[in-house]
Amino acid sequence: MQERKWYAFGTREVVFAALGAALYGVLSFATNMLALPAAGNVAFRPAVCIPMFFGIAFGPWVGFISGFLGNIIGDALSGWGFWFWWDLGNGIMGLIPGFAGLLIRDFRSTRSLTIADVFSALGAIVGMLLASLSEIWVSGVDLRTALVGYFLPAGLTNVINGIILVPILMVAYSAITARTGR
Amino acid sequence: MLVSWRYRERNTLIQKLDPRARWIFMLAVLFSVIQFWDLRFLLFFFALTLAYYLLCRLTWQETRRIWTFVLILVVAIIGLNTVLTGRGGPTEVLHGRAHVLWEARWTIPGVSWEINPTITVEKVVFAVAQMVRMLTVAILFIPVAYTFNPNHYGITFRRLGLPDKVAFSIDLAFRFVPTLARDFSITLDAQRARGYEVEKLTGGPIAQIRKLAPLIVPVTISAIVGAEDIINAMDLRCFGLRPRTWIHELRYTPRDYALIAFSVLLLIVSTLVRVLWGIGGFWVPDWALRWFGF
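Read on for an overview of the structure.

About the criteria used
Residues numbered from 1 in each chain as written. Chains lettered and ligands numbered in written order. Predicted model: local features only at pLDDT ≥ 70, side-chain atom pairs only at ≥ 80, totals over all residues. Heavy atoms only, no water. Helix = DSSP H or I, 4+ residues; strand = E, 2+ residues; numbered from the N terminus. Contact = heavy atoms within 4.5 Å. Areas by Shrake-Rupley, 256 points an atom, 1.4 Å probe, with all protein chains shown as cover. Lys, Arg positive; Asp, Glu negative; His and termini not counted. Charge placed at Lys NZ, Arg CZ, Asp CG, Glu CD. Buried area = accessible area lost by both parts, 1.4 Å probe. Salt bridge = Lys/Arg side-chain N within 4 Å of Asp/Glu carboxyl O. Polar contact = N/O pair within 3.5 Å; in protein donor to acceptor, adjacent residues only side chain to side chain. Nonpolar A, V, L, I, M, F, W, Y, C, P; charged D, E, K, R; others polar. Core = buried A, V, L, I, M, F, W, Y, C linked by side-chain atoms within 4.5 Å. Buried < 20%, exposed > 50% of the residue type's maximum accessible area, 1.4 Å probe, protein only. Phe/Tyr/Trp six-rings, centres within 6.5 Å; stacked < 30°, edge-to-face > 60°. Expected span 1.5 Å × (residues − 1). Axes fitted to C-alpha atoms, helices over the stretch in contact; angles between N-to-C directions. Parallel < 35°, antiparallel > 145°, perpendicular 65-115°, else oblique. Left-handed = near helix turned anticlockwise from the far one by under 90°.

## Regarding the overall build of chain B
So, step 1. The helix and strand tally for chain B stands at 13 helices and four strands.
So, step 2. With respect to the three principal axes, the spread of C-alpha positions in chain B is 75 × 60 × 35 Å.
So, step 3. Once local pairs closer than 6 in sequence are excluded, the contacts in chain B between residues at least 24 apart make up 75%.
So, step 4. As displayed, chain B has an accessible area near 15,400 Å², and 64% of this comes from carbon and sulfur atoms.
So, step 5. Taken as two groups, the 32 positive and 20 negative side-chain charges of chain B have centres that lie 2 Å from each other.

Right, here's the structure in full:
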């Protein structure tokens, strides 16, 4: 794996941020169409692994843009409108796992996969907590409604999706890094 | 899988406005409306955003799905919840018992817990205010996907002050969407040909998520491999060494300046009214009390 500064935002980051956002948007839209299993009124969104993985593999800014812009694209494709604080929450869900990249050298070792899972879960918790708490300010709900009605279902499903799918993507990615030589 | 942007040309006044002016207007209204709880102010903002929405000339056919979602959220979740519990409301809503419309006292058998739901005039007025507030924000942002040209997102955010590279990322992301949607569709078909049935995933939620990997991993990894070629091509063209130029150019017209001036004024006046003069907090109209017989 090539050494890089975590705050770097060059050509590589520009392209991967765009790719991550488009992938997150398309896969969110696609899994909406496939009517995946749902808990209560919150549908599972397996695509949340995309901003988390892009953050880990290509840096925090790439993760942030993938989550933030990808959520906007997914909502735009599905016709859900524009929900700024949820977009920001999704961005944070990609930003925080991006810092795991500083501790990860090998995408196959158990230690690296564990670190990635911890940061992905943390990203989902912080991101969804911010988005849920913003509803107090935007929609006027109280703290309990924000936590039980918004944060718990959204945060929990995203944590589960992240910790299952991010390691699978990391192992698959490690197989192609040697081939591309980047 | 057919992926199409909701956007189309409509020859409306709204679409003739500069997208930057429209974003400034939307953000100014958003940050103004969330400062108020007084129904009179909220109705003003509601009327303003409704006029904006109607000028976008969206059809019911296009927006039916989002309206169903918004109305369920606003009426069932926000409205009923607020009427019954007063959640999110100020003290007079949560604890005020001056104008009780209905109350009950139930005991849960076995544990002897008492539930005392109370509906007051204050809770009803607060619920209406909250629904108007929520609808105002929804109406303001629903037209985004339908009326902003996806080809203009990059230049819009660049000219609004975002760095070149971030703006180019936005532009590129919108261009990637149709290609990735096609790749996803091909992968889905290929996996189905191998007997993969995404509609009939079995097992618990965790097992079902794991079974989505054959769909997500090939699309993601092949997109990453393909992106390396794009990076090489951009590097060969010295991307990022100088400020870039854009194919589309945006130009403000007098009506854009008027909209920006109105937006800035609206935000300043709203903030002054609310913060300096303390007007716009929760308000129970006299006619509401009379209407309920108090």
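Still more to cover.
## A look at the interface of chain B and chain A
So, step 1. With 67 residues of chain B at the interface, the matching set in chain A holds 62 residues.
So, step 2. For the pairing of chain B and chain A, the buried interface totals around 5,800 Å² over both sides, and the portion due to carbon and sulfur atoms is 78%.
So, step 3. On the surface where chain B and chain A come into contact, there are one salt bridge.
So, step 4. Note that Arg12 of chain A is salt-bridged to Glu228 of chain B, the shortest N-O span being 3.3 Å.
So, step 5. Counting across the chain B and chain A interface gives four residue pairs in polar contact (both at pLDDT 80 or more).
So, step 6. At the level of elements, helix H2 (19-33), helix H4 (60-85), helix H6 (121-141), helix H7 (144-147), helix H9 (164-193), helix H10 (205-210) and helix H11 (213-236) of chain B are the ones that each hand at least two residues to the side of chain B that touches chain A.
So, step 7. With 17 residues, H11 of chain B is the largest single contributor of residues to the side of chain B that touches chain A.
So, step 8. Tallied by class, residues from the side of chain B that touches chain A come to 51 nonpolar, eight polar and eight charged.

## A look at the nonpolar core
So, step 1. By size, the foremost hydrophobic cluster in this structure holds 141 residues, and its most contacted members are Leu19 and Phe54 of chain A.
So, step 2. For this core, the element with the highest residue contribution is helix H1 (residues 11-33) of chain A, accounting for 14 residues.
So, step 3. If we ignore the near neighbours within four places in the chain, the residues touching Leu19 of chain A are Phe54 of chain A together with Phe176, Leu180, Ala223, Ile224 and Ala227 of chain B.
So, step 4. Core analysis: the next-biggest nonpolar cluster, separate from the first, contains seven residues, Trp37, Val125, Ala288 and Leu289 of chain B among them.

## Considering the packing of aromatic side chains
Centre distance and the angle of the planes are the two values used to describe a pair of aromatic rings.
Residues and elements named next belong to chain B.
So, step 1. According to the stated counting rule, one finds 29 aromatic pairs over all chains in the structure shown.
So, step 2. Centre to centre, the rings of Phe36 and Phe41 are 4.7 Å apart; their planes meet at 5°, and the pair counts as stacked.
So, step 3. Residue classification places Phe36 among the buried residues on the basis of a relative accessible area of 1%.
So, step 4. Summarising the aromatic geometry, the rings of Phe168 and Phe239 are spaced 5.0 Å apart at their centres and angled 45° between planes, so their arrangement reads as tilted. On the criterion of sequence distance, the pair formed by Phe168 in helix H9 and Phe239 in the loop between H11 and helix H12 (254-276) is long-range, its members being 71 residues apart. Here Phe168 and Phe239 have matching classes, each one buried.

## As for H6 of chain B
So, step 1. With 21 residues, H6 of chain B should reach 30 Å at 1.5 Å per residue; the first-to-last C-alpha distance of 31 Å fits that figure.
So, step 2. The buried count for H6 of chain B comes to 19 of 21 residues, which makes it a mostly enclosed element.

## Brief notes about the pattern of salt bridges
Residues and elements named next belong to chain B.
So, step 1. Per the counting criterion, the structure on display carries nine salt bridges over all chains.
So, step 2. The partner of Arg8 in a salt bridge is Glu62, with the nearest N and O atoms 3.5 Å apart. Residue Arg8 is located in the segment before helix H1 (13-16), and its partner Glu62 is located in helix H4; the two are separated by 54 residues in the primary sequence.
So, step 3. Between Arg40 and Asp38 there is a salt bridge; the shortest N-O distance is 2.7 Å.
So, step 4. Look at Arg40 and you get partly exposed, because its relative accessible area is 46%.
So, step 5. Several salt bridges share partner residues, and in doing so they unite Arg8, Arg10 and Glu62 into one network.

## A look at the side chain of Ser270 of chain B
Residue and element names in this part refer to chain B.
So, step 1. Within the fold, Ser270 resides in helix H12.
So, step 2. Judged by its relative accessible area of 4%, Ser270 falls in the buried class.
So, step 3. At 2.7 Å, the side chain of Ser270 forms a polar contact with the backbone oxygen of Leu266.
So, step 4. Dropping the residues within four chain positions of it, Ser270 is found in contact with Ser32, Gln35, Phe36 and Phe45.

## Brief notes about unusual backbone geometry
So, step 1. The phi dihedral of Asn11 of chain B falls on the positive side, at around 55°, and the residue is not glycine.
So, step 2. With respect to the element layout, Asn11 of chain B can be found in the segment before H1.

## Re the packing of H9 of chain B against H11 of chain B
Residue and element names in this part refer to chain B.
So, step 1. Here H9 crosses H11 at 140°, and the two axes come no closer than 10 Å. In this view, H9 runs oblique relative to H11, as classed from their interaxial angle. Considering only the axes of H9 and H11, their crossing is right-handed. In this structure, H9 uses Phe168, Phe176, Leu180, Asp183, Phe184, Thr187, Leu188 and Gln191 to contact H11, whose residues at the interface are Pro214, Leu215, Pro218, Val219, Ala223, Ile230 and Met234.
So, step 2. Classifying every residue of the contact of H9 with H11 by side-chain character gives twelve nonpolar, two polar and one charged.

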